[in-house]
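Geometric and topological summary
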Amino acid sequence: MAFPLPTVSVPPPVVLDALVIGAGQAGLAAAYYLQKRGVTFRVLEAEPAVGAAWAARYDSLRLFSPAWASGLPGRPWLGNPLHYPTRDETVAYLHDYAAQFNLPIDTGQCVTRLAPAPDQPGYVVHTAAGRTYLACYVIIATGPYMQPRVPAWASQLPAAVVQLHSRHYQRPGQLPGTGPVAVVGSGNSALQIAADLAATGRPVLAAFDEGTNAAPNNQLIWAGMTATGFLRVSRHTVLGRWLHSKPDGVVSGDLHHLRSFANAMFIGRATGVLPGGVVQGKRAATPPLEGVVWATGYRPHYPWIELPILAPDGSPQHQRGLTAALGVAFLGLSWLDTRSSALLNGAGADARRVVAALLAGQ
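Here's what I pulled together on the structure shown here. What you see is a predicted model, and the numbers here were worked out from it, not measured in a lab.

When helices and strands are tallied, the chain shows 8 helices and 18 strands. Rg of the C-alpha trace for the chain: 22 Å, near the compact-globule value of 21 Å for 362 residues, within the 12% margin. Taken over the C-alpha atoms alone, the chain extends approximately 70 × 65 × 40 Å along its principal axes. Classification of the 362 residues of the chain by burial places 49% in the buried group.

Listed below in structure tokens is the structure:
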């Protein structure tokens, strides 16, 4: 006797005017402006909650901008405006922001495909949870911190050396033991993580390029950059192109803080690995290491995009966020338009401009 096969119910597509992919600061800012325009939209977030990328960062992280210079559109930070918010305060701010404006966010929706909609204008988005969305406009706000990047020679380190990328580093206890550890990288995260480890008393080797520019970070500096519009200079201007060509600097206070630890040693930019679990720097080599944190940045990773908006190396192709695919834009990328494009304090300006341009048909 044959038994009928069970039927699988496939939910119908969710049809919207706009879709935002990513519920970090850029995605939330885009949602704010879409809501003000009165269009139907959803924000898709792969993780179970808003601001998940911030929640996964290291425990000791603080913003590099004071609260008064770090707000999203429509909601300033509460409390002391001169305060430099912590990681957990930033996560709470993003949660409160989404709740205050009752933004329509579908969590647990990891996008697996973005492609032209079949037989109609617009785009189709599929998620790993089995949902399908159709929208005329799509804003990709997954941010610049996607695929961790490490040097090819990292694989030459012995298996006994614990290796973490800064994306996965949260606290010193993730690196067992009390022996030497190296932090490889020349950005602010590298300095903060190295100081976090040095505070435990174990030897810390900073593979830091000492040619990196360092500048103070205080209220006066932020007031000056805000008043002069320095952070709003587009990279498509003469000044912006010059600024964009320069490597990002670090906060001099973080650099001095790390140098204050007697157990922290600077070995210069890392150049490779020597036998025995040793990292070679331009100035010196480390002793045999127990662990390494790679604060060496990220590379783009968009395997789910089936549109002609990516360069051969996988990086987004856009003009101030707008792409060759009509109705599709990026937000939250480093230097999307200005130095602040990937920062909390730059998300609002880019989102306002991009949402207006998309809805105007540009």
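Further notes follow.
Turning next to the sheet that holds strand E9 (residues 181–184). Spatially, 5 strands are ordered E8-E16-E9-E10-E13 in an open sheet, and the strand pairing comes out parallel. Of all strands in the sheet, those bounded by a partner on one side alone are strand E8 (162–165) and strand E13 (264–266). Neighbour-to-neighbour, the strand axes of this sheet turn through a mean angle of 20°, independent of strand direction. Inspection of the sheet shows E9 paired to strand E16 (residues 291–294) by 4 bridges, in the parallel sense. Bridged to Val184 within E16 is Trp294. Helix H4 (residues 188–198) contacts E9, strand E10 (204–207) and E16 of the sheet and is inclined by roughly 165° relative to E9.

Time to look at unusual backbone geometry. The bulk of non-glycine residues show a negative phi, and the bulk of peptide bonds are trans. Here Asn102, not a glycine, exhibits a phi torsion of approximately 50°, which is positive. Given a relative accessible area of 64%, Asn102 falls into the exposed group. The phi dihedral of Trp335 falls on the positive side, at around 55°, and the residue is not glycine. Looking at where Trp335 falls in the secondary structure, it is placed in the loop between strand E18 (328–330) and helix H8 (344–359).

Here we come to the layout of surface pockets. The volume enclosed by the second largest pocket comes to roughly 290 Å³. Considering the residues around the second largest pocket, the lining is formed by 16 residues, among which Arg62, Leu63, Phe64, Gln192 and Asp254 are closest to the centre. Mapped onto the lining of the second largest pocket, the elements with two or more residues apiece are H4 and helix H7 (252–259). The leading source of residues in the lining of the second largest pocket is H4, at 4 residues. Broken down by class, the residue content of the lining of the second largest pocket amounts to 8 nonpolar, 5 polar and 3 charged.

A few words on H8. Helical geometry note: an α-helix holds 3.6 residues per turn, so side chains three or four residues apart project in the same direction. The end-to-end C-alpha distance of H8, which contains 16 residues, comes to 23 Å, matching closely the 22 Å that a straight helix rising 1.5 Å per residue would cover. Listing the buried residues of H8 in full gives Leu344, Asn345, Gly346, Ala347, Gly348, Asp350, Ala351, Val354, Val355, Ala357 and Leu358. Where H8 is buried, its residues contact helix H1 (25–37), helix H2 (52–55), helix H3 (87–100), strand E6 (132–140), helix H5 (219–228) and E18.

Take the side chain of His318 next. Position of His318 among the secondary structure elements: in the loop between strand E17 (298–299) and E18. Polar contacts involving the side chain of His318 include one to the main-chain amide nitrogen of Gly321, which spans 2.9 Å. With residues near it in sequence (within four places) discarded, His318 still touches Arg235, Thr323, Phe330, Leu333 and Leu336.

This part takes up the nonpolar core. Counting residues in each nonpolar core, the largest one holds 86 residues, and the members touching the most others are Leu28 and Ile140. For this core, the element with the most residues is H1, which contributes 8 residues. Contact partners of Ile140, with chain neighbours within four places excluded, come to Ile21, Leu114, Tyr302, Trp304, Ile305, Ile309, Val328, Ala329, Phe330 and Leu331. Judged by nonpolar contacts, the second largest core, of 16 residues, contains Trp153, Val161, Val279 and Val292.

We now examine the packing of aromatic side chains. To describe a pair of aromatic rings, one takes the distance between the centres and the angle between the planes. One pass over the full model with this rule turns up 11 aromatic pairs. Summarising the aromatic geometry, the rings of Tyr32 and Phe101 are spaced 5.1 Å apart at their centres and angled 75° between planes, so their arrangement reads as edge-to-face. Here Phe101 lies in the loop between H3 and strand E3 (105–107) and Tyr32 lies in helix H1, a separation of 69 residues in the sequence. There is no split in this pair, since Tyr32 and Phe101 are both buried. Considering the side-chain rings of Tyr302 and Trp304, the 6.0 Å spacing of their centres and the 65° angle between planes classify their relative orientation as edge-to-face. No difference in accessibility class separates Tyr302 from Trp304, as the two residues are buried. Cluster of aromatic residues (ring-pair linked, three or more members): Tyr32, Tyr33, Trp77, Tyr93, Tyr97 and Phe101. The cationic tip of Arg259 hangs over the ring face of Phe266; the distance from NZ or CZ to the ring centre is 4.2 Å.

This part is about the side chain of Thr338. Looking at the secondary structure, you find Thr338 in the loop between E18 and H8. With relative accessibility at 6%, the residue Thr338 sits in the buried group. Each residue touching Thr338, except ones within four places of it in the same chain, is listed here: Leu231, Arg232, Val233 and Ser234.

Applying the stated rule across the entire model yields 14 salt bridges. Taking the shortest distance from any N to any O, the salt bridge between Arg259 and Glu210 comes out at 3.2 Å. Note that Arg259 is positioned in helix H7 and Glu210 in the loop between E10 and strand E11 (214–215), a separation of 49 residues in sequence. Under the relative-accessibility criterion, Glu210 is labelled partly exposed at 32%. Asp337 is the salt-bridge partner of Arg320, the closest N and O atoms lying 3.0 Å from each other. Here Asp337 lies in the loop between E18 and H8 and Arg320 lies in the loop between E17 and E18, a separation of 17 residues in the sequence. Residue Arg320 is classed as partly exposed on the basis of its relative accessible area of 31%. Several salt bridges share partner residues, and in doing so they unite Asp59, Arg87, Asp88 and Arg171 into one network.

Calculation criteria
Residues numbered from 1 in each chain as written. Predicted model: local features only at pLDDT ≥ 70, side-chain atom pairs only at ≥ 80, totals over all residues. Heavy atoms only, no water. Helix = DSSP H or I, 4+ residues; strand = E, 2+ residues; numbered from the N terminus. Rg over C-alpha atoms; globule rule 2.2 N^0.38 Å. Buried < 20%, exposed > 50% of the residue type's maximum accessible area, 1.4 Å probe, protein only. Pairing = 2+ DSSP bridges. Axes fitted to C-alpha atoms, helices over the stretch in contact; angles between N-to-C directions. Contact = heavy atoms within 4.5 Å. 1 Å grid on protein atoms, 1.4 Å probe; cavity = no way out; pocket = protein on both sides within 12 Å on 5 of 7 lines; lining within 4 Å. Points joined across faces, edges and corners; volume = space filled by probe spheres on them. Nonpolar A, V, L, I, M, F, W, Y, C, P; charged D, E, K, R; others polar. Expected span 1.5 Å × (residues − 1). Polar contact = N/O pair within 3.5 Å; in protein donor to acceptor, adjacent residues only side chain to side chain. Core = buried A, V, L, I, M, F, W, Y, C linked by side-chain atoms within 4.5 Å. Phe/Tyr/Trp six-rings, centres within 6.5 Å; stacked < 30°, edge-to-face > 60°. Lys NZ or Arg CZ within 6 Å of the ring centre and 35° of its normal. Salt bridge = Lys/Arg side-chain N within 4 Å of Asp/Glu carboxyl O.

Keep in mind that these numbers describe shape and distance, not what the molecule does.
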